[in-house]
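# Observations on the three-dimensional arrangement
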Amino acid sequence: MSTILELTPQCVWKHFYELTQIPRPSGHTETVAAFIVKFGKDLRLESFIDGAGNVVIRKPATPGMENRKGVIIQAHMDMVPQKEVDVQHDFTKDSIQTWIDGDWVKAKGTTLGADNGLGVAAIMAVLEDNTLKHGPLEALITRDEETGMFGANALSPDTLQGEILLNLDSEEEGLLYIGCAGGLDINAELEYKTEVCTPGFVGRKITLKGLRGGHSGLEINEGRGNANKLLARIVHDLLIEFDCQMAEFAGGNMRNAIPREAHVTLAFNPDDIADLETYIKEYEAQISSEYETIESGIQLILEEVHSPVAVVPVEIQDNLISAILACQDGVTRMIPTVPDTVETSSNLAIVEIGDGKAEIHILARSSCDTMKDFLADSLIACFSMAGMKVETSGGYGGWQPNVESPILKAMVKSYKEQFGDEAQVKVIHAGLECGIIGAIMPGLDMISFGPTLRSPHSPAERAYIPSVKRFYDFLVATLAQSPVKE
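Just so it is clear, the structure is predicted and the values come from calculations on it, not from any experiment.

## Details of the overall build of the chain
Helix and strand counts for the chain come out as 11 helices and 25 strands. Computed over its C-alpha atoms, the radius of gyration of the chain comes to 24 Å, within 12% of the 23 Å expected for a compact globule of 486 residues. Judged by the C-alpha coordinates and their principal axes, the chain covers about 85 × 50 × 40 Å. Once local pairs closer than 6 in sequence are excluded, the contacts in the chain between residues at least 24 apart make up 80%. If you sum the accessible surface of the chain, you get close to 19400 Å²; carbon and sulfur atoms cover 50% of it. Between the centroid of the 40 positive side chains of the chain and the centroid of its 70 negative side chains there is a distance of 8 Å.

Here's what the structure looks like:
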């Protein structure tokens, strides 16, 4: 097959294709929101954009199902913009180019946007199909989930009337999620006065690339390399081994994506360049050996550049690199009672140093609020000691599991009847909008599920084709069996 339009179920894949043609990175969702609203209105359904920028579409119950509990089917419209370094792609203007590799749909050098485009496409398919059986439906398609869950956070409690929420933003078909971690952004800033580079020093740019990256909630436990952390380690050692000065450091661009690439510009004594070239080659071999079972294709590239005009003062340079080196990154601990699931973690997501300003952004996650607070305090202390101003933002609570959930019991039974397999019930470390929406609308009965995706938030993102049909069939069956109102 050469096109995703030929895949089954076509009712889902055709809408996903349409979404790939609309640029929709976080922060740029106006066009896709207008597209979805027009879609709903063309179906003669009540459709609007709420005050938070979310799309809401209502579909009446099919005849005979009016006495069923109202169901909210929910996904988010934005996608993470990540690409290979040598790929020319403007996420605000260019469409996603998809291709089929065996049982997987992939994108050419960029994120695919199946997170959460397949969830949105499934909602559109349900809204369009008048042969389905269901009670009162409300579609909620939120904006800017990936950068701070802004649409969900600003949802008005009187926007929706449903009693059941089906979140379609999970990445493993056959798993039913009933809880998730909460999160908090840690933002550190420092302004400094640059100094003049030592006369006669020469510029060199060092780039670390080829890491897998990935989702900082789903894949944080795999031990993947963090480009910011690894490059800070290299710079720390370079500052000890050589007479050099740092001009700028940059890595990562999304709070919830494990950074895949980072680069630093340093000024060196020209007498050290020959030894530097050998040192960098040896360091690349060392890191590749350390990560050989996890990462492949790690590259440490040394390039000649113009000697920088301005550099970071030595004391500030040393403090910043030490803080990044000391910063907690990765898993802090697993859930004591569920040892195969991460409880608390952090992602050293974005580092930008240069031109008199340093900014560092970290996403802390935990399903335990007190552990999240402890981790945040640790990170604040780390960067405060480097003289940085540290603030927190974008905090959201976790979604506490309800093992007695009526919709959970119904869906577990339905999955067994439909596929002959047992659905697994899990808590996920990634942040889901369920926790936020559930706090705004207390009493919602919530489940999260979805098709199988791999490596979302990275250019390796891919969707497992056979899982999409099972996911959609299960969604349709769930809607047909929604409980009667009490």
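Still more ground to cover, so stick around.
## Let's talk about the pattern of salt bridges
Counted under the stated rule, the structure contains 24 salt bridges. D473 is the salt-bridge partner of K469, the closest N and O atoms lying 2.7 Å from each other. Of this pair, K469 and D473 both sit in helix 11 (residues 465–480), separated by 4 residues, roughly a single helical turn. Judged by its relative accessible area of 24%, D473 is partly exposed. Linked through salt bridges whose partners overlap, the residues forming this network are E46, R58 and E138.

Conventions we followed
Residues numbered from 1 in each chain as written. Predicted model: local features only at pLDDT ≥ 70, side-chain atom pairs only at ≥ 80, totals over all residues. Heavy atoms only, no water. Helix = DSSP H or I, 4+ residues; strand = E, 2+ residues; numbered from the N terminus. Rg over C-alpha atoms; globule rule 2.2 N^0.38 Å. Contact = heavy atoms within 4.5 Å. Areas by Shrake-Rupley, 256 points an atom, 1.4 Å probe, with all protein chains shown as cover. Lys, Arg positive; Asp, Glu negative; His and termini not counted. Charge placed at Lys NZ, Arg CZ, Asp CG, Glu CD. Salt bridge = Lys/Arg side-chain N within 4 Å of Asp/Glu carboxyl O. Buried < 20%, exposed > 50% of the residue type's maximum accessible area, 1.4 Å probe, protein only.

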